[in-house]
Amino acid sequence: MEICASTEAEWESGNVDTGGSSTVTESHSPSAIASDELSLAIGDEDIGHLDEAEKDSESSSDSDVANILSLTNSSANKEGQYHPFLSMISAMAYILIHSPRPMGLSNLTFVCHTLRCMFPALPSVSTMVSYRLPGYRAPEKFYSPSGVPFYVNSIAETIKLCLANPDIAKKMERYPVLPKKGFREIFHGLQWRNDTRFQAPMATSPVGSVFLKDIVQSSIAGAICVSIIKQFYRKEGHNGVFASVQVLQVHPSELNTYILSDIGEIPVSTIVTILPQMDSRTRHVYKKGHDGSLTIVSDNELADMSSPHPLKTRSIMCGSLPVFMVPLIIFSDDTSGNRSKVWNKFDSWCFLLAGLQQKDNAQFCNIHFICTSNQVPVMEMAHPLVDQLLELERGIVVFDAQLNTNALILAPVICFLCDNPRAAEICSHLGSGTLRFCRICRVDHTNSLTGICEERKRSSTIQEVQLIRSAHTQAERKRLRTLYGTSEKENHLLQLPVDLHQSTPIESLHTLGLGPYKYLLREKMEQLSEKQRKEVVARIAALPSSGLTGGISSDISRHYKSFVGRDFKFLAQIAMFIFSPYLSSEAEIEVWLALSMVFKMVYCDEFEPQKIELYRDVCHRFARAIDCYSVTWRKKLKIHLILHLPDSMLRFGPASSFNTERYVPQCA
């Protein structure tokens, strides 16, 4: 069956008139074709039984097909909810062809041919493949320093599409959230709440848009309070937005002099007036201490208080647009380069919206692809990526489906999710093979289990890179690399105003599951006899597992060297019950027990910040146990990184909010 020659060209131009019947080269109706195909699938002995039923249903069948064709080919459909597609079936076929995991060309051709039997106006596969939606922006082509091309999607365009989607816009958090008890999401963590780069600059009050640094009057229980806005946030279990403020009082004796008291809290809904900023007539402003003493505010602080927030000025210049933050999570990984695998090693970059909950970000549709290549190194692909991220730091205008209006958004990077070697590259660090092998602090492997040393900073790393590059000899460069543990390779990510060392949290998959648990399991299984290995298999099979998550994918006695993250995750829940008869010393028992406690801390659904010292003690207990148990493990980077886990959870919420287990399959 062939459609008329003008159909595809008209579909491409968007000027298709499908009000009448489509021209078909064959004389058979769609119902007749369907009947012929049905007879091929049914044996001859069955056709006789169907003759009588076909006579009864022939008129109704033809009527149903006619109704379907009239619905999908109607002019009202073309101008309705499926615009710019001609019909529902055209839209569905386009989605099928352009899905993230499409079928092969032969299968797509067969499916579309089958559909065209029922819907003659359906364009061909080649037409739908080449068709571009209005407003679609194709990936931009770039070249690596060696001349290899690669393509990068626009992050800004993807964010615009996300915020124009009502489902995404309504689910996304625009403010940090103060939880009732513990942290469960990344927007509960201190990084979003305390870092000024992520603080929401504006909230909507009954009298209009209120910005940081605004002086407002609020009415609470009939009492009028004048205060300066310091921060906006939401509180779990409460409606609306709250603001932390400093109360502003007139000095009782000095003219044009004010007193700032301690920070308090007001609901934004109680604001009744937005007052002008302080002007040049203000003589002095005092800060009131806890003991009642007054300290004069410096001239620089007074000048800052007298000027409006920069984003307030930009909002007014853009037509008084609402302004808010959309922090981004950047994810990077590679497919396995093992020669036994059937795929090549591809390096990829993706991003997620940090304002979505974990359950939403785990969905494939919310993991947004940026770029990939199996020929261009991952840090070379970061160059155009950084240019886009710097533009998002400055802000873009989008349509917000929740507010139903345009808005000015800023999208800073809140963290990078990746495995430890990739995190070292991002931080311009040499990795686990150097003396100072930690990318977060300056500890060296000779005392890595004693604690955390001085934290690395972005500014110091930039200086170290410049020092290494300016060295006159290779020997001097090598000495400086060893001294600092820093790599002088080109790293465009250092241009971002983000502390990379503190923004690459310790993720659990590669650090815990594929670290200490893998080391312990392999060592223990190699110590066991064949009889004991069979006993371990029997003990696992006999253990009730109804309350456990996951399972071991293969026989532990033979395939323990091939275990992956989910196997270690399951094993960690039962290890003390399975291996307890085979633990030969108190030191070994302490290691397994301490590691189980670390696992419990990492895979909890809620992180309680008031227990931060307890979490740190758990990690230090494991480090001390390792120190007593094995000398060879003292230099393992992943053992030391566990000491940084509580601080990562304090900044970004529970470990589940920044683990890579959910995103790694998307790069495969």
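Residues numbered from 1 in each chain as written. Predicted model: local features only at pLDDT ≥ 70, side-chain atom pairs only at ≥ 80, totals over all residues. Heavy atoms only, no water.

**Comments concerning the pairing of strand 18 (residues 405-410)**
Summarising the sheet, strand 13 (residues 323-325) and strand 18 pair through 3 bridges and their orientation is parallel. Its bridge partner lying in strand 18, methionine 325 is registered against leucine 410. Once strand 17 (residues 396-400) ends, the chain turns through 4 residues before running back antiparallel as strand 18, passing asparagine 404 with a positive phi of about 60°. (Pairing = 2+ DSSP bridges. Helix = DSSP H or I, 4+ residues; strand = E, 2+ residues; numbered from the N terminus.)

**Here we look at the environment of tyrosine 136**
Tracing the chain through its elements places tyrosine 136 in the loop between helix 7 (125-130) and strand 1 (140-143). Distance from tyrosine 136 to glutamate 157, taken between C-alpha atoms, is 8.8 Å for residues 21 residues apart in sequence.

**Re the sheet that holds strand 18**
Spatially, 3 strands are ordered 13-18-17 in an open sheet, and the strand pairing comes out mixed. Two strands lie at the open edges of the sheet, namely strand 13 and strand 17, each paired on one side alone. Pairwise comparison of adjacent strand axes, ignoring direction, gives a mean angle of 45° for this sheet. Its contacts with the sheet place helix 8 (residues 155-164) against strand 13, strand 17 and strand 18, and it is angled at close to 25° to strand 17. (Axes fitted to C-alpha atoms, helices over the stretch in contact; angles between N-to-C directions. Contact = heavy atoms within 4.5 Å.)

**Let's talk about the confidence of the model for the protein**
One rule of thumb: low pLDDT means the predicted coordinates there are not for detailed reading. Looking at the protein, the pLDDT average stands at 82 and 84% of residues meet or exceed 70. Predicted confidence is poor over residues 71-79, with pLDDT under 50, and the contacts of this stretch with residues over four places away or in other chains come to 19 contacts. (pLDDT = per-residue confidence, 0-100.)

**Things to note about the environment of arginine 234**
Note on placement: arginine 234 falls in strand 7 (residues 223-235). Judged by relative accessible area, arginine 234 falls into the partly exposed class, the value being 23%. The spatial distance from the C-alpha of arginine 234 to the C-alpha of arginine 174 is 9.1 Å, given a sequence separation of 60 residues. The residues touching arginine 234, leaving out its near neighbours within four places in the chain, are Glu173, Tyr175, Pro176, Val177, Leu178, Gly240 and Val241. Of the polar contacts made by the side chain of arginine 234, one reaches the side chain of glutamate 173; its length is 2.5 Å. (Buried < 20%, exposed > 50% of the residue type's maximum accessible area, 1.4 Å probe, protein only. Polar contact = N/O pair within 3.5 Å; in protein donor to acceptor, adjacent residues only side chain to side chain.)

**Points about the packing of helix 18 (residues 508-527) against helix 21 (residues 565-579)**
Between helix 18 and helix 21, the shortest axis-to-axis distance is 10 Å and the interhelical angle comes to 50°. Relative to helix 21, the element helix 18 is oriented oblique. By crossing handedness, the relation of helix 18 to helix 21 is classed as left-handed. Where helix 18 approaches helix 21, its residues Leu509, Gly513, Leu514, Tyr517, Lys518, Leu521, Lys524 and Met525 are matched on the opposing element by Gly565, Phe568, Leu571, Ala572 and Phe579. Across the contact of helix 18 with helix 21, the residue classes tally to 9 nonpolar, 2 polar and 2 charged. (Parallel < 35°, antiparallel > 145°, perpendicular 65-115°, else oblique. Left-handed = near helix turned anticlockwise from the far one by under 90°. Nonpolar A, V, L, I, M, F, W, Y, C, P; charged D, E, K, R; others polar.)

**Details of helix 14 (residues 378-394)**
An α-helix turns once per 3.6 residues; consequently, residues spaced three or four apart project the same way. The end-to-end C-alpha distance of helix 14, which contains 17 residues, comes to 25 Å, matching closely the 24 Å that a straight helix rising 1.5 Å per residue would cover. Of all the 17 residues making up helix 14, 12 are buried; the element is thus mostly covered by neighbouring parts of the structure. The complete set of buried residues in helix 14 reads Val378, Met379, Met381, Ala382, Pro384, Leu385, Val386, Gln388, Leu389, Leu390, Leu392 and Glu393. (Expected span 1.5 Å × (residues − 1).)

**Overview of the packing of helix 21 against helix 22 (residues 586-602)**
Contact geometry for helix 21 and helix 22: axes closest at 10 Å, N-to-C directions at 150°. Handedness of the helix 21/helix 22 crossing: left-handed. Between helix 21, through Lys569, Ala572, Gln573, Ala575, Met576 and Phe579, and helix 22, the contact on the second element is made entirely by Trp592, Leu593, Ser596 and Phe599. When its residues are assigned to classes, the contact of helix 21 with helix 22 shows 7 nonpolar, 2 polar and 1 charged.

**Considering the environment of valine 465**
Relative to the elements of secondary structure, valine 465 occurs in helix 16 (residues 458-470). By relative accessible area, which is 5% here, valine 465 ends up buried. Distance from valine 465 to arginine 481, taken between C-alpha atoms, is 9.0 Å for residues 16 residues apart in sequence. Beyond its immediate chain neighbours, meaning those up to four positions away, valine 465 contacts Thr486, Ser487 and Glu488.

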